[in-house]
Amino acid sequence: MEFAPIQRPPGRQRTRRRLPAQLKVGFALSALLAIALLLINQLLHTPQAPQGIVNLQLAGNAAHTRDILQSWSAQQQAWARISLLLDFLLVALYSATLLLLTRHLLKDRPGVRERTAGRWVIILFALAAVSDCIENLLLLNNLKEPDDLFSLIATFSALVKFTGLMLGSAGLVIIRAAR
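Residues numbered from 1 in each chain as written. Predicted model: local features only at pLDDT ≥ 70, side-chain atom pairs only at ≥ 80, totals over all residues. Heavy atoms only, no water.

Here we take up the overall build of the protein. In terms of helices and strands, the protein carries six helices and zero strands. Helices (α) and strands (β) of the protein occur, in sequence order from the N terminus, as α-α-α-α-α-α. Each of the 179 residues in the protein was classed as buried or not, and the buried ones make up 39%. By sequence separation, contacts in the protein at least 24 residues apart represent 74% of the contacts at least 6 residues apart. Put simply, the protein shows about 11200 Å² of open surface, and 66% of that area lies on carbon and sulfur atoms. (Helix = DSSP H or I, 4+ residues; strand = E, 2+ residues; numbered from the N terminus. Buried < 20%, exposed > 50% of the residue type's maximum accessible area, 1.4 Å probe, protein only. Contact = heavy atoms within 4.5 Å. Areas by Shrake-Rupley, 256 points an atom, 1.4 Å probe, with all protein chains shown as cover.)

What follows is the structure in structure tokens.
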């Protein structure tokens, strides 16, 4: 017994688009750098910072930041500085890659809703990238001399970054699922 292939109505044919080479390279480099940063972060785990650099990002005040820094040796603090500097490169890579991905997913989405969602996704990813850079600058400053205001703004920036990335990613799913 043979089954006939499913016939789609005209205009509803599914086409499989390949990812552009730039997008593949962006994903690969972003993934490699993210893995390197995760490995560096493993060196920063202490009882005061069980999540390493993430605890520093979310410290919120100078006292908590100071406690984390005091729990790190000079070598660990050097690794934290390297991690924050490498994160600038990751920001450039992930933001460019996410912008390319958004544009790629919008290529065959002519609808007003999809275009509007795409603009919001781009804004969210740009906001996340800017927030990430602000956070890194403030944390680099806090490695020298922790400051309450800088710690609070760094924490706020980290939360804006994570929220922008999560909502932007959700927007990509919506754009892709549209139709």
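From this point, the discussion proceeds with the structure in view.
With that out of the way, let us pick up the nonpolar core. Where a protein is soluble and globular, its nonpolar side chains tend to be buried together. Core analysis: the biggest nonpolar cluster contains 17 residues, and Tyr94 and Leu172 have the highest contact counts within it. Listed by contribution, the elements that provide at least two residues to this core are helix 1 (21-42), helix 4 (74-106), helix 5 (112-144) and helix 6 (148-177). It is helix 4 that provides the largest number of residues to this core, a total of eight residues. Apart from residues no more than four positions distant in its own chain, Leu172 is found in contact with Leu101, Thr102, Leu105, Val121 and Phe125. Counting residues in each nonpolar core, the second largest holds 15 residues, with Leu44, Ala49, Leu56 and Leu140 among its members. (Core = buried A, V, L, I, M, F, W, Y, C linked by side-chain atoms within 4.5 Å.)

Here helix 6 spans 43 Å end to end across 30 residues, near enough to the 44 Å set by a 1.5 Å rise per residue. Residues Ser151, Ala154, Thr155, Ser157, Ala158, Val160, Lys161, Gly164, Gly168, Gly171, Leu172 and Ile175 constitute the buried set of helix 6. Those residues of helix 6 hidden inside the fold are in contact with helix 2 (53-57), helix 3 (62-71), helix 4 and helix 5. Where helix 6 begins, the capping side chain belongs to Asp147, and its oxygen is found 3.0 Å from the backbone nitrogen of Leu149. (Expected span 1.5 Å × (residues − 1). Polar contact = N/O pair within 3.5 Å; in protein donor to acceptor, adjacent residues only side chain to side chain.)

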